[in-house]
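So the chains spell out like this:
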Amino acid sequence: MPETIITTRNFSFYYAETKALANVNIDIKKNEVTAFIGPSGCGKSTFLRSLNRMNDIIPGISVEGDVLVMGENIYDKRVDVVDLRRKVGLVFQKSNPFPKSIFENVAYGLKIGGMKNKAELSDRVETSLRQAALWDEVQDRLHKSAMELSGGQQQRLCIARTLAVEPEIILMDEPASALDPISTQKIEDLIFKLKENYTIIIVTHNMQQASRVSDITAFFYLGELVEVDSTMKMFTNPGNKRTEDYITGRFG
């Protein structure tokens, strides 16, 4: 049985007075891909960003309940949020490379963390680009601007940048929604490979994508976690009528 790496207990999230998530309870297992599905505005991205406190940058938010990551309550006052975000990386919906070279994009977090040795930096950049299935395409132009890459390459570069600081968990917020089908397939293949070494949580609107890449699927609706189960069961025999209606396209 895989070990649990994230646990939430009665977790609620507020934007000022608005309750965006209500009493979410979930256990997320190590080295599995968990997909969050549900209609727009149902709370799935809010919940994803709560798992590395990326929502903290929004004024007026508040939370109730517990989020344990590797046994530590991440909303404890003593938690180092920078360290948390190193352990729990986030890949955004729209690729957001820095206006720097390909090399500098991947090395950025390492340099911020104090890595100065050039050979060590080069090794880590190459390893991260290989993990992100991008090395063969960019190895001859590492010092060219990342902005010259295609959309799909930029997204894989952002994944490499996340991998470089050696996280335990990777959060992906609709990582392929802006990409063409070929680039989408590369991202999906990549997710499949990465779960050997990482725990991955992906928000997706794409039912087929959730069924292809995830081990576990969680269905959110109106701020509530309606159902969570193995992806196979969720897509063939969901336990809740609302889940079934959403998956079969009757609403949402």
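Residues numbered from 1 in each chain as written. Predicted model: local features only at pLDDT ≥ 70, side-chain atom pairs only at ≥ 80, totals over all residues. Heavy atoms only, no water.

Undergrad: Now, about the overall build of the protein chain: what can you tell me, with residues and values included?
TA: Across its full length, the protein chain holds ten helices and ten strands. Relative to its length of 252 residues, the protein chain is compact, with a C-alpha radius of gyration of 18 Å against a globular reference of 18 Å. Relative to its 252 residues, the protein chain shows a buried fraction of 50%. Considering only intrachain contacts with a sequence separation of at least 6, the fraction spanning at least 24 residues in the protein chain is 66%. (Helix = DSSP H or I, 4+ residues; strand = E, 2+ residues; numbered from the N terminus. Rg over C-alpha atoms; globule rule 2.2 N^0.38 Å. Buried < 20%, exposed > 50% of the residue type's maximum accessible area, 1.4 Å probe, protein only. Contact = heavy atoms within 4.5 Å.)

Undergrad: Tell me about the pattern of salt bridges, and name the residues and values.
TA: One pass over the structure, following the stated rule, counts 18 salt bridges. Note that Asp83 and Lys87 form a salt bridge whose closest N and O atoms lie 3.4 Å from each other. Of this pair, Asp83 and Lys87 both sit in helix α2 (residues 81-87), separated by four residues, roughly a single helical turn. By relative accessible area, which is 30% here, Asp83 ends up partly exposed. (Salt bridge = Lys/Arg side-chain N within 4 Å of Asp/Glu carboxyl O.)

Undergrad: Describe the side chain of Thr199, listing the residues and the values that go with them.
TA: Along the chain, Thr199 turns up in strand β8 (residues 199-203). Note on Thr199: relative accessible area 1%, which makes it buried. Leave out the neighbours within four places in its chain, and Thr199 touches Ile5, Ile28, Lys29, Lys30, Asn31, Glu32, Glu168, Ile169 and Ile170.

Undergrad: Mind laying out the sheet that holds strand β4 (residues 61-69), listing which residues take part and the relevant values?
TA: Across the sheet, four strands lie side by side as β2-β1-β4-β5; this open sheet has antiparallel pairing. Of all the strands in the sheet, just β2 (18-29) and β5 (72-73) have a single pairing partner and so form its edges. (Pairing = 2+ DSSP bridges.)

Undergrad: I'd like a description of the side chain of Ser95, backed by residues and values.
TA: The topology assignment puts Ser95 in the loop between β6 (88-91) and α3 (102-112). Engagement of the side chain of Ser95 in a polar contact is seen with the side chain of Gln154, the distance being 3.3 Å. Sequence-distant contacts of Ser95, defined by excluding residues within four places in its chain, comprise Gly151, Gln154, Gln155 and Cys158. (Polar contact = N/O pair within 3.5 Å; in protein donor to acceptor, adjacent residues only side chain to side chain.)

Undergrad: How would you sum up the pairing of β8? Please name residues and give values.
TA: Within β8, five of the five residues are buried, which leaves it mostly tucked inside the rest of the structure. Taking every second residue as pointing to the same face, both faces of β8 are buried, with Thr199, Ile201 and Val203 on one and Ile200 and Ile202 on the other. With five bridges connecting them, strand β7 (residues 169-173) and β8 associate as parallel partners. Considered in β8, the bridge of Ile169 is made with Thr199. Considered for its hand, the β-α-β crossover made up of β7, helix α7 (residues 181-194) and β8 is right-handed. (Right-handed = clockwise from strand over helix to strand, strands pointing away.)

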